[in-house]
Amino acid sequence: MTFGPFPEGYCFYIEKSDLYRRIQNHVQMAEFLLLKNSRKGVPVLWVVEAKSSSPRPETKPNFDEFVAEIRDKLINAFSLTLAACLGRHGIVEESIPTRFREVDWCGQDVKLVLVINGHRDAWLQPLKDAIEVALRASIKTWSFGPNSVAVINDKGAKKFGLILDNTGDET
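Read on for a plain summary of the structure.

For helix H2 (residues 62-85), which comprises 24 residues, the first-to-last C-alpha distance of 35 Å matches the rise-based estimate of 34 Å (1.5 Å per residue) to within 8%. One or two positions beyond H2, positive phi appears at Gly-87, with a value near 85 degrees.

Below is the structure:
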């Protein structure tokens, strides 16, 4: 899948950033963060991880390991971005888009999103439920609120404007 295009300064490809390269040993990271306008017109911070497949819930321990990996990637991406914006890393100006540095982090809504290319619709809810359980402590600690976790497939990614519609463009 090819994500985007997104408005200039509203997407931070954290996994490819100098900021992440400086700390990457033993730190798993999501693909990117996106400031996406909500229906209320207020930007919501989407932390996005993409996968080409996922194990089924009955394939223990692979499923549990997968869920733990997704949890870590999503929270690490959020935490590293916030830490950098708060000045905890010295290269924030070169790494973080200006729009992210202007965010009022105190009241910022956050959505933690897993996108799985080609995943069957019927498989999304059980995976979402498991990821929500794994993220429960972080959701409560950060007070992300209800519906802060989404698990979508490529159809959902198109619906939410994360990837181009399938009109001959690569996705």
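Structure shown, so let's carry the discussion forward.
So, on to the side chain of Ser-54. Tracing the chain through its elements places Ser-54 in the loop between strand E3 (43-51) and H2. Looking at Ser-54, the relative accessible area reads 16%, which means it is buried. Residue contacts for Ser-54: discarding those within four places in its chain leaves Phe-66, Ile-116, His-119 and Leu-127.

Turning our eyes to something else, we now look at the packing of H2 against helix H5 (residues 121-142). At a closest axis distance of 10 Å, the pairing of H2 and H5 adopts a crossing angle of 35 degrees. Of the two elements, H2 crosses H5, and the hand of that crossing is right-handed. Here Phe-63, Phe-66, Val-67, Ile-70, Arg-71, Leu-74, Ile-75, Phe-78 and Leu-82 of H2 come into contact with H5, specifically with Pro-126, Leu-127, Ala-130, Ile-131, Ala-134, Leu-135, Ser-138 and Trp-142. Across the contact of H2 with H5, the residue classes break down as 15 nonpolar, one polar and one charged.

Bringing the side chain of Ser-138 into the picture now. Inspection of the secondary structure assignment puts Ser-138 in helix H5. If near-sequence neighbours (up to four positions away) are discounted, Ser-138 is found in contact with Ile-75, Ser-143 and Phe-144.

The rules we used
- Residues numbered from 1 in each chain as written.
- Predicted model: local features only at pLDDT ≥ 70, side-chain atom pairs only at ≥ 80, totals over all residues.
- Heavy atoms only, no water.
- Helix = DSSP H or I, 4+ residues; strand = E, 2+ residues; numbered from the N terminus.
- Expected span 1.5 Å × (residues − 1).
- Buried < 20%, exposed > 50% of the residue type's maximum accessible area, 1.4 Å probe, protein only.
- Contact = heavy atoms within 4.5 Å.
- Axes fitted to C-alpha atoms, helices over the stretch in contact; angles between N-to-C directions.
- Left-handed = near helix turned anticlockwise from the far one by under 90°.
- Nonpolar A, V, L, I, M, F, W, Y, C, P; charged D, E, K, R; others polar.

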